[in-house]
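These are the residues of each chain, in order.
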Amino acid sequence: MQNFNFNLPTEIVFGKDCVSSLGKKAAPYGKNVLVMYGGGSVKRNGVLDKVLASLEGYNITELGGVEPNPRITTVRKGIAVAKEKKIDFIVAVGGGSTIDCAKAVAGGVYFNDDPWLFMLDNSLFPTKALPLLTVLTLAATGSEMNGNFVITNWETNDKLACFSPFIIPKISFMDPEFTFTVNKYQTACGTADIMSHIFEVYFDPNDEAFVSDKLCEALLLTCIKYGPVAVKDPTDYEARSNLMWAGTLAINKLLNCGKQGVSWAVHGMEHQLSAYHDITHGAGLAILTPAWMEYVLCDETVDKFARYAEAVWGIKDDDKYAAARQAISRTKYFFASLGLPSTQREAGIKEKYFAEMAEKAHRFSDTEAAYFPLKEEDIVKIYEKCY
Ligand code: NZQ
Ligand code: ZN
């Protein structure tokens, strides 16, 4: 096991009606609050009303319209509003896109230049930020308990990730009932995203982090058990609550403890798919993950894939390659069974920009420092494989 530091500063308030305590819990953060949300789902399902009711007595400024794959233009707008209204803290109500956008705004108010600059160079990100509280409405990204955010620039077709310890949410309110209205497709995409976060950590050169591997397998089993239930019955509380908590645990650094830690190759490749085609992150991951698994299966990786086969899919075979291939195929069919695309064509992608996308994935995501190092030509082959 490797040495590690682990510090999780986010308070999680989980369960039915938890948002009613938002107003009381937000008191230390000031009076002027910016409430950010997406394209309107939180208005339609009544979540926003509950948030606003809990915040009664605060000076509330609303900023809706954060798009899926949130844009730098919206970040700029948010920063301008936050400065004009002298905002003390932000409440982000939504999925990963709204929360990520709020993180960029929270830091961006202390940055005296264009925020795209800190997306290009993370070291420029300010060392302070407005306090951020979140009300999660979609189980997927884990943004509610981490310091990551991902922003897209349509002028340059770039989708870039940034990390800062200063924008980790102070408190996240997680009511599984708020996810009852997430449609089948987004539920499936969220499940694929959670599983991908686990895979990116599970497949690591250090195989001595037994605790982490077991946690990864438990969370993968949770997704495999409850993803299909939530897709079939969106109001199944047990399924929604287990997925919601699994989503948080998958990417709050708990799983990384004791691991070597490698670059996230599949995420690196997917961010380019979204940046060029604006497809949903989880759908891109469902397409790429099995193709990546097939591509990296070799003598160095087969033992881990055979372990994955047995622990997660119950596949036992003396032939390790046979077990690994079956597990990869089960993974692919699992995503398809949730209604997710298996190829880019199925996702409606017509153009191929593979060389450009591979160059960016390689440069922005350091894919040569991944579990299985990928050069640009490897990435092009993986894109081709799942076209
Ligand atoms: O915009 P609204 O109207 O709210 O609708 C959203 C959106 O259309 C809808 N939705 C959310 N909650 C709902 C709901 N619809 C009905 N009922 C609800 N309760 O779902 C759609 C997708 O929402 P979005 O926030 O885009 O989804 P997600 O949470 O998957 O976030 C995706 C973004 O997060 C980034 C992705 O790249 C992508 O940009 N990621 C962020 C990470 C992080 N911060 O750690 C890590 C991830 O790997 C990921 O890269
Ligand atoms: Zn992801």
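Structure report, in brief. Bear in mind the structure is a predicted one, so any value in this text is a computation, not a measurement. (Residues numbered from 1 in each chain as written. Chains lettered and ligands numbered in written order. Predicted model: local features only at pLDDT ≥ 70, side-chain atom pairs only at ≥ 80, totals over all residues. Heavy atoms only, no water.)

A few points about the site of ligand 1
Taken together, the neighbourhood of ligand 1 is formed by 31 residues, with Gly39, Ser41, Gly96, Ser97 and Lys159 sitting nearest. Glycine 39 has a polar backbone atom sitting 2.7 Å from an oxygen atom of ligand 1. The side chain of asparagine 146 places a nitrogen or oxygen atom 3.0 Å from an oxygen atom of ligand 1. Coverage of ligand 1 by the protein chains reaches 89% of its 960 Å² of free accessible surface. Mapped onto the shell around ligand 1, the elements with two or more residues apiece are helix 5 (96-108), strand 6 (148-153), helix 7 (184-202) and helix 10 (265-277). For the shell around ligand 1, a count of residues per class yields eight nonpolar, 20 polar and three charged. When residues of the shell around ligand 1 are assigned to domains, at least three map to each of domain 1 (11-178) and domain 2 (184-385). (Near = heavy atom within 4 Å. Polar contact = N/O pair within 3.5 Å; in protein donor to acceptor, adjacent residues only side chain to side chain. Areas by Shrake-Rupley, 256 points an atom, 1.4 Å probe, with all protein chains shown as cover. Helix = DSSP H or I, 4+ residues; strand = E, 2+ residues; numbered from the N terminus. Nonpolar A, V, L, I, M, F, W, Y, C, P; charged D, E, K, R; others polar. Domains from an automatic or database assignment.)

Section: the nonpolar core
Counting 106 residues, the largest nonpolar core has Ile90, Met269, Trp292, Phe305, Tyr308 and Tyr383 as its most contacted members. Looking at this core, you find at least three residues from each of domain 1 (11-178) and domain 2 (184-385). Ignoring any residue separated from it by four or fewer positions in sequence, one finds tyrosine 383 in contact with Met269, Gln272, Leu273, Leu288, Gln344, Phe354, Met357, Ala358 and Ala361. If you look at the next biggest cluster of nonpolar residues, it comprises 22 residues, including Val33, Val91, Leu133 and Phe178. (Core = buried A, V, L, I, M, F, W, Y, C linked by side-chain atoms within 4.5 Å. Buried < 20%, exposed > 50% of the residue type's maximum accessible area, 1.4 Å probe, protein only. Contact = heavy atoms within 4.5 Å.)

Remarks on the packing of helix 7 against helix 13 (residues 320-337)
It is at 11 Å that the axes of helix 7 and helix 13 come closest, and there the two elements cross at 155°. With respect to their mutual orientation, helix 7 and helix 13 come out roughly antiparallel. Between helix 7 and helix 13, the residues in contact are Thr191, Ala192, Met195 and Phe199 and Thr331, Phe334 and Phe335, respectively. Across the contact of helix 7 with helix 13, the residue classes break down as five nonpolar, two polar and no charged. (Axes fitted to C-alpha atoms, helices over the stretch in contact; angles between N-to-C directions. Parallel < 35°, antiparallel > 145°, perpendicular 65-115°, else oblique.)

Remarks on the pattern of salt bridges
In total, this model carries 16 salt bridges according to the counting rule given. Across the salt bridge formed by aspartate 213 and arginine 307, the nearest N and O atoms sit 3.8 Å from each other. Remark: arginine 307 occurs in helix 12 (residues 302-313) and aspartate 213 occurs in helix 8 (residues 210-232); sequence separation between them is 94 residues. Assessed through its relative accessible area of 1%, aspartate 213 is described here as buried. Judged by relative accessible area, which is 26%, arginine 307 ranks as partly exposed. A salt bridge links lysine 375 to glutamate 368, with the shortest nitrogen-to-oxygen separation between them at 3.8 Å. According to the relative accessible area criterion, glutamate 368 is partly exposed, its value standing at 38%. The network of salt bridges with shared partners includes Asp207, Asp213, Glu217, Lys259, Lys304 and Arg307. (Salt bridge = Lys/Arg side-chain N within 4 Å of Asp/Glu carboxyl O.)

Re the coordination of the zinc ion (ligand 2)
Between any two of four tetrahedral donors, the ideal angle at the metal is 109.5 degrees; between two of six octahedral donors, it is 90 or 180 degrees. Ligation of the zinc ion (ligand 2) by protein atoms is provided by Asp193 (OD), His197 (NE2), His267 (NE2) and His281 (NE2), these donors lying 2.0 to 2.1 Å from the ion. Each donor residue of the zinc ion (ligand 2) lies on the same chain, and together they follow the pattern D-x3-H-x69-H-x13-H. Remark: histidine 267 occurs in helix 10 and histidine 197 occurs in helix 7; sequence separation between them is 70 residues. A single burial state applies to histidine 197 and to histidine 267, both of which are buried. (Donors = N, O, S within 2.8 Å, 3.2 Å for Na, K, Ca; no water.)

Side note on the pairing of strand 5 (residues 132-136)
With respect to burial, strand 5 is a largely interior element, five of its five residues being buried. Going residue by residue along strand 5, you find Leu132, Thr134 and Leu136 tucked away on one face and Leu133 and Val135 tucked away on the opposite face as well. Pairing between strand 4 (residues 89-94) and strand 5: five bridges, direction parallel. Considered in strand 5, the bridge of valine 91 is made with leucine 133. The pairing of strand 5 with strand 8 (residues 171-174) spans four bridges and is parallel. By the bridge assignment, leucine 136 is partnered in strand 8 with methionine 174. (Pairing = 2+ DSSP bridges.)

Overview of the side chain of lysine 304
Within the secondary structure, lysine 304 is located in helix 12. Accessibility expressed as a relative area gives 4% for lysine 304, which makes it buried. A distance of 2.6 Å separates a polar side-chain atom of lysine 304 from the backbone oxygen of tyrosine 202. Setting aside residues up to four positions removed in sequence, lysine 304 forms contacts with Tyr202, Phe203, Asp207, Asp213, Lys259 and Tyr371.

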